[in-house]
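Commentary on secondary and tertiary structure
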Amino acid sequence: MGAPCVAVRSGGFGVQELRDAGAVLIVDGPQDLLTADWDSLCRTEPPEGADEPQEPLPH
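Residues numbered from 1 in each chain as written. Predicted model: local features only at pLDDT ≥ 70, side-chain atom pairs only at ≥ 80, totals over all residues. Heavy atoms only, no water.

Looking only at helices and strands, the chain has three helices and two strands in total. Order of helices (α) and strands (β) in the chain, N terminus to C terminus: β-α-β-α-α. Counting over 59 residues, the chain shows a buried share of 22%. Counting only contacts in the chain whose residues sit at least 6 apart along the sequence, the fraction spanning at least 24 positions is 41%. (Helix = DSSP H or I, 4+ residues; strand = E, 2+ residues; numbered from the N terminus. Buried < 20%, exposed > 50% of the residue type's maximum accessible area, 1.4 Å probe, protein only. Contact = heavy atoms within 4.5 Å.)

When you line up the elements, Val27 lands in strand β2 (residues 23-27). A relative accessible area of 7% places Val27 in the buried class. With 18 residues separating them in the primary sequence, Val27 and Arg9 have C-alpha atoms 6.1 Å apart. Residue contacts for Val27: discarding those within four places in its chain leaves Ala7, Val8, Arg9, Asp32 and Leu33.

Okay, the confidence of the model for the chain next. Across the chain, the average pLDDT comes to 79, with 71% of residues at 70 or higher. Confidence, expressed as mean pLDDT per element, reaches its minimum in the chain at helix α3 (residues 38-43) with 80 and its maximum at helix α2 (residues 30-33) with 90. (pLDDT = per-residue confidence, 0-100.)

It is worth spelling out the pairing of strand β1 (residues 5-8) at this point. The side chains of a regular strand alternate between both faces of the sheet. Across four bridges, β1 lies against β2 in parallel orientation. When the bridges of β2 are listed, Val6 appears paired with Leu25. Traced from β1 through helix α1 (residues 15-20) to β2, the parallel crossover comes out right-handed. (Pairing = 2+ DSSP bridges. Right-handed = clockwise from strand over helix to strand, strands pointing away.)

What follows covers the pattern of salt bridges. A side chain of one charge can pair with a side chain of the opposite charge when the charged atoms of the two come close. All chains considered together, the criterion is met by one salt bridge. Across the salt bridge formed by Asp28 and Arg9, the nearest N and O atoms sit 3.4 Å from each other. Taken together, the residues Asp28 in the loop between β2 and α2 and Arg9 in the loop between β1 and α1 connect sequence positions 19 residues apart. Residue Asp28 is classed as exposed on the basis of its relative accessible area of 58%. (Salt bridge = Lys/Arg side-chain N within 4 Å of Asp/Glu carboxyl O.)

The following block contains the structure:
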């Protein structure tokens with residue numbers, strides 16, 4: 001879709017897996033979202049290939 005994605009880690013997936021899936025910000029918990037630079041994040045382009053169809057991440 002081309003929209004930036006933010007990921008909150010909850011276990012099971014590594015940082016690189018989340019980046020490969022298109023995350024522009026990866027945080028360890030909801031508290032980290034309070035200090036995120038949302039203005040900058042909204043202008044961030046998703047990683048190359050993030051808008052291409054992918055297999056879903058395994059559960």
